[in-house]
Amino acid sequence: MNTVKVGIIMGSKSDLPVMQDAADICKHFGVDFEITVVSAHRTPERMFTYAKEAAQRGLKVIIAGAGGAAHLPGMVASITTLPVIGVPVKSSNSIDGWDSILSILQMPNGIPVATVALNAAKNAGLLAVQILSTADETLAQQMQAYKDDLRKKVEESAESMDKY
């Protein structure tokens, strides 16, 4: 049985330095994932097949990162019923990242894509874990511990600032 729950896809291998953060979060929480390149523009048949077969293969969430015109997250979301999290990537030909942000963010009604901040694949990974944790109590507890640790770090920072 396939244990992979999260698909991490990107439009180009050059997006990997950004998208690696999503993979690292999955590893941190022990969530099995796959990671590959799927270009909406250069390999539309591959994109269609990936999105169409993702649920059948056991995936529960897809994280799709793309730069420039950034059609990958929206096109994948139009094909699958799985939640898709879009990561706008500031690419070398980007208009300061705004082209990617708006391409992913401005989806038409009926085709939702959860969108994180520019280059924020870490948040995409966290959101994928949170989605999975709705059906996995152990994962939910791990997520709570992660958030408790974040809170504790902020409280420690605040306490250290009280000295000033």
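Residues numbered from 1 in each chain as written. Predicted model: local features only at pLDDT ≥ 70, side-chain atom pairs only at ≥ 80, totals over all residues. Heavy atoms only, no water.

Caption draft 1: Examining helix α3 (residues 72-79) more closely. L72, P73, G74, V76 and A77 are the residues of α3 that are buried. Structurally, α3 contributes buried residues whose contacts are with β1 (6-10), α2 (44-53), β3 (61-67), β4 (84-89) and α4 (98-105). (Buried < 20%, exposed > 50% of the residue type's maximum accessible area, 1.4 Å probe, protein only. Helix = DSSP H or I, 4+ residues; strand = E, 2+ residues; numbered from the N terminus. Contact = heavy atoms within 4.5 Å.)

Caption draft 2: Looking closely at the sheet that holds β3. Strands sit in the order β2-β1-β3-β4-β5 across an open sheet of five strands; the sheet is parallel. Looking at which strands have only one partner, the edges of the open sheet turn out to be β2 (33-37) and β5 (114-115). The pairing of β3 with β4 spans six bridges and is parallel. Paired with I63 across the two strands is I85, which belongs to β4. Packing against the sheet, helix α1 (residues 16-29) makes contact with β1, β2, β3 and β4, and its axis sits at approximately 170° to β1. The strands touched by α4 within the sheet are β3, β4 and β5, with β4 carrying the most contacts at an inclination of about 165°. (Pairing = 2+ DSSP bridges. Axes fitted to C-alpha atoms, helices over the stretch in contact; angles between N-to-C directions.)

Caption draft 3: The environment of I79, seen in detail. As for its placement among the helices and strands, I79 is situated in helix α3. Along the chain, I79 and P17 lie 62 residues apart, while their C-alpha atoms are 27 Å from each other. Ignoring sequence-local partners within four residues, the contact set of I79 consists of M47, F48, A51 and K52.

Caption draft 4: Focus on the nonpolar core. In terms of nonpolar packing, the biggest core is built from 27 residues, with V6, I8, M19, F29, V31, I63 and V87 touching the most fellow members. Secondary-structure elements contributing two or more residues to this core are β1, α1, β3, β4, α5 (121-133) and α6 (137-161). Looking at this core element by element, the count peaks at seven residues for α1. Membership of the second largest hydrophobic core comes to 20 residues, among which are V38, L59, I62 and A64. (Core = buried A, V, L, I, M, F, W, Y, C linked by side-chain atoms within 4.5 Å.)

Caption draft 5: Just the packing of α1 against α5, in detail. Direction vectors running N to C along α1 and α5 enclose 35°, while the axes themselves pass 7 Å from each other. Crossing angle aside, the handedness with which α1 passes α5 is right-handed. Side by side, α1 and α5 meet where V18, M19, D21, A22, I25 and F29 of the first sit next to A121, K122, G125, L126 and V129 of the second. Considered class by class, the residues forming the contact of α1 with α5 number eight nonpolar, one polar and two charged. (Left-handed = near helix turned anticlockwise from the far one by under 90°. Nonpolar A, V, L, I, M, F, W, Y, C, P; charged D, E, K, R; others polar.)

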